[in-house]
Amino acid sequence: MKKNVYELKYRYHTGSVAWVLHRLSGLALILYLVLHIWVISNLNNPAGFNKVMAFLNEPLFKLLELGLWGVIIYHAINGLRVILVDFFGGSKNQKKLFWGVVVVGIVVFIAGAVPFIGNLK
Amino acid sequence: MKVTFKIQRFIPENDTKPSFKEYVVEAQPNTTILDCLNDIRWHYDETLSFRRSCGHAICGSCAMNINGKNGLACQTHVQDLKSGAITVKPLPSFPIIKDLVVDLDKFYEKFNKIKPYLINDGPVPEKERLQSPEQQKLIEESTTCILCAACTSSCPSFWADDDYLGPSALLKAYRYIFDTRDTSAEERLSVVNDKHGVFRCHTIFNCNEACPKDINITNHIAKLKTALVTTKL
Ligand code: SF4
Ligand code: FES
C-alpha cells in the first residue's frame, strides 16, 4: 500500500485545529510578504508606484488588510502558545491556552481594527 | 439493539484498493467494539481479519481507527460513540497486510533505534539499582505505554514523513533518558535530535487524543526538546 497518505478525515479537536490554522495563517503571511515586496519594488518608478498605491486604496484591499491583521495576530499569539507548550509545560493546558489565544486575539484585533476603520474616512 | 458496522476490507492478493463492507450485529450499549468484531467474525464472516489478544486494554494489539479516531477496540464501547453506523478502519498510514491488520515492522525498527533497554556501564550493584520515589515519578507516566501504535499512526508529522520516529518511540526515549539508573542519555538524545526526530513534532496533540492510556505524550516530547536546546551534545 502507498505510504504518505494524509488522513484529512481524521477526527479534529482543539489541538489539531489550532495547528491547521497556524499553518494556514503562516502560508497567508508568506503570500502577503511576496505581495508586499512586489509593491515596494515599484518604488523604482514613482509614477507606477502611485498607480499601485491608488489601486490598493480600493475597499477590497482595506478589507484584506483587516484580514491580514487577524492572520498576524493569530499566528503571533498561537506561536506564543506553541512556545509555552514546547518549553514551559503548557501541554497540560493546551486547550485552555488555545481559548486564551482566541480571547486575547479578538481583543487585540478590535483594538487595532477600530482606529483602522476610523482612519478610513 | 442493532448496531451497523462499516468495516474497511482489503485483501492485497485480490483487491487493488480497500472497500467498505457493512455488518449488522446485536449489541448492548456497553458492548466493546472488539466484542462486536468477534461477533462478526464468529457468526457472519470468518474472513474478517483483525488483531487482538488480551481484551483488557493491556496488550496493545487491537488499536484501530474507530469513527475517524485511533483507539483500542477492546476499550471502546458502543455507547462511547455517536449513534449511527460505526466505521472501523486499520491504523492510518501503516501498510495494510489484510483488513484491519497493519504492518508494524518499521514501527518496531524505530523503537529499536532509541535502544529501549537500560544501559549502565557502572559496576553492577549487589542488589537493585535504587531510585527515590521522586526519581521514579519522573518516568512513571512514560512507563505505562502498551506500545499499541495508536499515537504514531494518528500523527500528521508521521503521515508526511515515513521516517519520523513518532510519538511512541520518542516517549520510550524519554523513559530511558530521564531514568536516573541509565547512563546513555547523551547517545539517545543524539538519536532523537535527528532530522526525523523530536523537532518534527509540531504540537498537534493527535497522539494525546489517541492514547488509550491517557499519557500526555506531547509533554514528554516537549521535555526532550527542552533537554536538547539546553544541553550541549
Ligand atoms: S503512548 Fe499511548 S498511544 Fe502511544 S503506543 Fe503507548 S499506549 Fe499506545
Ligand atoms: S486486545 Fe489487548 S489491548 Fe485490546
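Since the structure is predicted, the reported quantities are computational estimates derived from the model, not experimental observations. (Residues numbered from 1 in each chain as written. Chains lettered and ligands numbered in written order. Predicted model: local features only at pLDDT ≥ 70, side-chain atom pairs only at ≥ 80, totals over all residues. Heavy atoms only, no water.)

(A) Seen up close, the pattern of salt bridges. Residues and elements named next belong to chain B. If you walk through the whole model with that rule in mind, you get 16 salt bridges over all chains. Between Glu187 and Lys115 there is a salt bridge whose closest N-O contact spans 2.6 Å. Here Glu187, found in helix H7 (residues 185-192), pairs with Lys115, found in the loop between helix H2 (105-113) and helix H3 (133-140); they are 72 residues apart in sequence, far enough to count as distant. With a shortest N-O distance of 2.7 Å, Arg188 and Asp182 are connected by a salt bridge. Accessibility expressed as a relative area gives 2% for Arg188, which makes it buried. One connected set of salt bridges, linked through shared partners, spans Arg9, Lys21, Asp45, Lys98 and Asp99. (Salt bridge = Lys/Arg side-chain N within 4 Å of Asp/Glu carboxyl O. Helix = DSSP H or I, 4+ residues; strand = E, 2+ residues; numbered from the N terminus. Buried < 20%, exposed > 50% of the residue type's maximum accessible area, 1.4 Å probe, protein only.)

(B) Highlighting the environment of A:Pro59. Residues and elements named next belong to chain A. Locating Pro59 in the fold gives a position in helix H3 (residues 59-87). Its relative accessible area of 63% is what places Pro59 among the exposed residues. Counting along the chain gives 34 residues from Pro59 to Asn93, while the straight-line C-alpha distance between them is 40 Å.

(C) Up close: the interface of chain A and chain B. Between chain A and chain B, the contact holds 24 residues from the first and 34 residues from the second. Where chain A touches chain B, the interface holds 3 salt bridges. Among the ionic pairs, B:Lys89 bridges to A:Glu7, the shortest N-O distance being 3.5 Å. Applying the counting criterion to the chain A and chain B interface returns 10 residue pairs in polar contact (both at pLDDT 80 or more). Mapped by element, the contributors of at least two residues to the side of chain A that touches chain B are helix H1 (14-41), H3 and helix H4 (94-118) of chain A. (Contact = heavy atoms within 4.5 Å. Polar contact = N/O pair within 3.5 Å; in protein donor to acceptor, adjacent residues only side chain to side chain.)

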